[in-house]
Amino acid sequence: MSACPFCQERMRDTFHHGLAREECEACGAVWIEGEFVAKLLGGAQSATLPRRAKGQPGVCKGCSARIQYVPNCPECGLRSSTCPRCGTAPLAVLEAFNVKVDVCDGCGGVALDAGELEQLHEAATVHRDDGLPPPSQVPSDTPTRCLSCKRKLKPEHAFVWEGRFYCGSCAPEGAAPFTAELTRARPTAQGSIGAARLGDTPTESALVWLFSKIFS
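Residues numbered from 1 in each chain as written. Predicted model: local features only at pLDDT ≥ 70, side-chain atom pairs only at ≥ 80, totals over all residues. Heavy atoms only, no water.

Asker: Please give an account of the overall build of the chain that cites residues and values.
Answerer: Secondary structure assignment for the chain yields four helices and eleven strands. When the 216 residues of the chain are sorted by exposure, 37% land in the buried category. For the chain, the share of sequence-separated contacts (at least 6 apart) that also reach a separation of at least 24 residues comes to 42%. When the accessible area of the chain is evaluated, it comes to approximately 12500 Å², of which 52% is carbon and sulfur surface. (Helix = DSSP H or I, 4+ residues; strand = E, 2+ residues; numbered from the N terminus. Buried < 20%, exposed > 50% of the residue type's maximum accessible area, 1.4 Å probe, protein only. Contact = heavy atoms within 4.5 Å. Areas by Shrake-Rupley, 256 points an atom, 1.4 Å probe, with all protein chains shown as cover.)

Here it is, written out as structure tokens:
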């Protein structure tokens with residue numbers, strides 16, 4: 001059994017939709033990781049969580065103060081949320097499907113307050129795997145710099161959101177890992193022959209006008 005990430009009491013192993021989790025009998029918190037997170041959030045969301053958590057602050061459960069780089073709240077002294085696997089503290093607070101969760105940037109585990117697992121499950125059922133941007137917003141170029149922090153990007157470390165590139169730390173919720181598949185050309189609604197329309201140049205416009213006069 002592991003220690004609760006919030007109150008440090010012992011948690012017990014339970015199951016939710018056939019997947020193992022740990023639940024605190026004292027405060028009702030739930031700890032999920034690995035396959036559970038991937039199944040709950042979908043591949044795109046779960047893959048970005050640890051990267052998004054890097055450098056993000058936590059929130060004190062006692063006074064709601066922001067906590068960063070220290071194991072105890074600087075305002076009230078309460079121990080900050082702590083990963084029961086690798087001891088990372090504080091856990092970063094992020095939004096997943098509009099539900100705030102505490103995430104370990106080391107192992108990718110997720111700590112949830114009492115009742116949040118059910119909220120997250122309902123939200124994820126509707127929005128799961130919506131991380132890829134619409135086809136019209138997929139960029140056709142290769143990522144070079146993060147839009148937010150301007151850091152140089154390698155394609156294998158880039159994320160895509162609304163046609164823009166981000167690093168793992170700055171990627172917004174729902175951003176998808178960049179792959180070469182995203183940049184492949186898509187057929188247009190007019191097909192390959194209709195890519196250029198007659199009349200798009202002055203000469204073609206004159207021909208259109210002449211033909212219209214002849215056949216009218």
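Asker: Outline the pairing of strand 2 (residues 19–24), supporting the account with residue identities and numerical values.
Answerer: Burial analysis of strand 2 places five of its six residues in the buried class, which makes it a mostly covered element. Bridge count for strand 1 (residues 11–16) against strand 2 is six bridges, and the pairing is antiparallel. Residue pairing in the sheet places histidine 16 in a bridge with leucine 19 of strand 2. Bridge count between strand 2 and strand 3 (residues 30–32): two bridges; the pairing is antiparallel. Considered in strand 3, the bridge of glutamate 22 is made with tryptophan 31. In textbook terms, the turn of a hairpin is the stretch between consecutive antiparallel strands, and for strand 2 and strand 3 this stretch comprises five residues, one of which, glycine 28, has a positive phi near 85 degrees. (Pairing = 2+ DSSP bridges.)

Asker: Got a sec to walk through the packing of aromatic side chains? Specific residues and values, please.
Answerer: Describing an aromatic ring pair means giving the distance of the ring centres and the angle of the ring planes. Under the definition given, this model contains zero aromatic pairs. It is lysine 61 that lies over the ring of phenylalanine 6; its NZ or CZ is 4.3 Å from the centre. (Phe/Tyr/Trp six-rings, centres within 6.5 Å; stacked < 30°, edge-to-face > 60°. Lys NZ or Arg CZ within 6 Å of the ring centre and 35° of its normal.)

Asker: How would you explain the state of the cysteines if you had to name every residue and give the values?
Answerer: Two cysteines form a disulfide when their sulfur atoms are joined by a covalent bond. Tallying each qualifying case throughout the model produces zero disulfides. The thiol of cysteine 27 is unpaired, and the distance to the nearest cysteine sulfur, on cysteine 4, comes to 3.6 Å. Note on cysteine 73: no disulfide assigned, nearest cysteine sulfur contributed by cysteine 63 at a separation of 3.6 Å. Look at cysteine 73 and you get buried, because its relative accessible area is 3%. (Disulfide = S-S within 2.5 Å.)

Asker: Can you break down unusual backbone geometry residue by residue, with the values?
Answerer: Residue proline 90 follows alanine 89 across a cis peptide bond; omega there is -5 degrees. Among the structural elements, proline 90 can be located in the loop between strand 5 (66–67) and strand 6 (92–96). Of note, glutamine 8 is a non-glycine position whose phi angle comes to about 65 degrees, a positive value. Looking at the secondary structure, you find glutamine 8 in the segment before strand 1. Its relative accessible area of 26% is what places glutamine 8 among the partly exposed residues. Positive phi outside glycine occurs at asparagine 98, with the angle close to 70 degrees. With respect to the secondary-structure elements, asparagine 98 resides in the loop between strand 6 and strand 7 (99–103).

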